[in-house]
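Structural description and commentary
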Amino acid sequence: MADRAALEDLVRVQGERVRGLKQQKASAEQIEEEVAKLLKLKAQLGPDEGKPKFVLKTPKGTRDYSPRQMAVREKVFDVIISCFKRHGAEVIDTPVFELKVNDRRILDGMFAICGVPDSKFRTICSSVDKLDKVSWEEVKNEMVGEKGLAPEVADRIGDYVQQHGGVSLVEQLLQDPKLSQNKQALEGLGDLKLLFEYLTLFGIADKISFDLSLARGLDYYTGVIYEAVLLQPPARAGEEPLGVGSVAAGGRYDGLVGMFDPKGRKVPCVGLSIGVERIFSIVEQRLEALEEKVRTTETQVLVASAQKKLLEERLKLVSELWDAGIKAELLYKKNPKLLNQLQYCEETGIPLVAIIGEQELKDGVIKLRSVASREEVDVRREDLVEEIKRRTSQPLCIC
């Protein structure tokens, strides 16, 4: 009991230290390190039947969904999205990402064989994690000058953390005479090799980079760690390059959830957090930088009229096209000018225009116009759907 009481005192003191640092607006790195120490102390307490049990509740105004309910929700959203697209709703495509992976056990083993003292593992880890933003020299200067690491130890770390690659790098490190002798590192490398075998089966191994500089500063990670990084296209003339780090990150943590279990049971977990606001900013900045015309809808055809008093006929035709699965729209004006309707198609990238006129109604045809070539042909009304499908069978470009 005395040992437990002492631990509880340490938890209380450490908790006060964390709160004090937050009030003092200390650096995020310093707060993160102290929070990690607090979590480690709490984990040592283990279960205590005399303490109130943690009850995890769903926040008010929200609910959990079972897999079956989620399947229903996805189906509903699919119907809603397809309906909006058919009527000219706009969507924004997301950028392409690369996933970087590492393993916390590899890092800890690497630090051990390089000579990093146990007390400095986490603080050196946070320095290494900055390598995607600053140069190795800056990271080394921080480790040596600010954190008191010996220069020769920093050099040994640099030999490892500047490497990145795929399964070949994993196999190379498995043969490393020093790293392969460390139990933690060997376990991490073995799991990463298995991961790359699975990635190869899925056909996505080339999209994953094993990056030894990926560190993730939080102490509760116990295995694989990963970050999704935006793949940057080359900057165009007159365009500022996008400077952005990871847009999603996470890892495996086997001990964190058990802290909320009265019996302290081990619950292996993996998690991921997504920087939604950062992704929004990236997409918006990218769209603003584009000078070429951007296609934002999947509309296949605009239903237009050549004369006045043909609103009802336009509504009839667009309804027929919707029922046939054609993504169509029309200008919601009673008597729009034909020129305005054609200009709308050019501005929005709609490839075809179905034009109704008094003569076309008499002849039972629709004049189908290609916006790009301005070529016009008369198509019998009953053949219009198939002609539109034929002409728009190539995938639409949604930039």
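Scroll up for the structure.
So, here is what we can say about the structure in this document. Each chain carries its own residue numbering, running from 1 in the direction its sequence is written. Residues qualify for local features only when their pLDDT is at least 70, as the model is predicted, and side-chain atom pairs are given and counted only at 80 or more; totals for whole chains, interfaces and linings, by contrast, use all residues. Side-chain measures were taken over the full set of non-hydrogen atoms in the model, leaving aside hydrogen atoms and water.

So, the side chain of threonine 348
- The helix count covers DSSP runs of H or I at least four residues long, the strand count covers runs of E at least two residues long, and both are numbered beginning at the N terminus. In this structure, threonine 348 sits in helix α12 (residues 338–348).
- Relative accessibility decides the category of a residue: with a 1.4 Å probe and only protein chains considered, values under 20% of the type maximum give buried, values over 50% give exposed, and everything between is partly exposed. Looking at threonine 348, the relative accessible area reads 18%, which means it is buried.
- Polar contacts, as used here, are pairs of N or O atoms within 3.5 Å; protein pairs need one atom able to donate a hydrogen and one able to accept it. Residues neighboring in sequence count only if both atoms are side-chain atoms. In this structure the side chain of threonine 348 is engaged in a polar contact, spanning 2.8 Å, whose partner is the backbone oxygen of tyrosine 344.

With respect to helix α14 (residues 384–391)
- Within α14 the residues assigned to the buried category are Leu384, Glu387 and Ile388. Along α14, the residues classed as buried sweep out an arc of 100° about the axis, all on the same side. Within α14, the exposed residues directed more than 90 degrees away from the buried face are Glu386 and Arg390.
- At its buried positions, α14 is contacted by β7 (301–305), α11 (311–323), β9 (352–356), β10 (365–370) and β11 (376–380). The directions from the helix axis to the C-beta atoms form the arc being described. The contact rule is simple, with two residues in contact once any of their heavy atoms fall within 4.5 Å.

Remarks on the sheet that holds strand β8 (residues 328–329)
- Spatial strand order, β8-β7-β9-β10-β11: five strands in an open sheet with mixed pairing. Each end of this open sheet is capped by a strand with a single partner; those strands are β8 and β11.
- Where β10 and β11 come together, five bridges link them in antiparallel fashion. Its bridge partner being in β11, isoleucine 366 is matched across the sheet by valine 379.
- Lines fitted to C-alpha atoms define the axes here, with helix axes fitted over just the stretch in contact, and angles between the N-to-C directions of these axes take values from 0 to 180 degrees. Its contacts with the sheet place α11 against β7, β8, β9 and β10, and it is angled at close to 160° to β7.
- In the packing of α12 onto the sheet, the strands contacted are β7, β8, β9 and β10, and the crossing angle to β7 comes to about 170°. Strand pairing is assigned whenever DSSP detects at least two bridges linking the two strands.

Brief notes about a nonpolar patch on the surface
- Patch membership is restricted to residues that have no salt bridge and whose relative accessible area is over 30%. Joining uses 9 Å for like charges and 5 Å for the nonpolar side chains Val, Leu, Ile, Met, Phe, Trp and Tyr. The accessible surface values rely on the Shrake-Rupley method and a 1.4 Å probe; as for residues, cover is taken only from the protein chains in view. A side-chain nitrogen of Lys or Arg and a carboxyl oxygen of Asp or Glu constitute a salt bridge if their distance falls within 4 Å. Taken together, Leu194, Tyr198, Leu201, Phe202 and Ile204 make up a surface patch of nonpolar side chains, about 560 Å² in accessible area.
- If you trace the backbone, leucine 201 turns up in helix α9 (residues 183–202).

Some remarks on the side chain of asparagine 182
- Of note, asparagine 182 is situated in the loop between α8 (167–174) and α9.
- Its relative accessible area of 16% is what places asparagine 182 among the buried residues.

As for the packing of aromatic side chains
- In this analysis, rings of Phe, Tyr and Trp, with Trp reduced to its six-membered ring, are considered paired at centre separations within 6.5 Å, and the interplanar angle assigns stacked below 30 degrees, edge-to-face beyond 60, and tilted for intermediate values. Counted by the stated rule, this structure contains three aromatic pairs.
- Taken together, a centroid distance of 4.9 Å and an interplanar angle of 50° make the contact between tyrosine 220 and tyrosine 221 tilted.
- Accessibility expressed as a relative area gives 25% for tyrosine 220, which makes it partly exposed.
- Judged by centre distance (5.7 Å) and plane angle (75°), the ring pair of tyrosine 220 and tyrosine 253 falls under edge-to-face. Here tyrosine 220 is found in the loop between β3 (208–211) and β4 (224–230), whereas its partner tyrosine 253 is found in strand β5 (residues 246–253), with 33 residues between them in sequence.
- One aromatic cluster is present, built from ring pairs that chain together Tyr220, Tyr221 and Tyr253.

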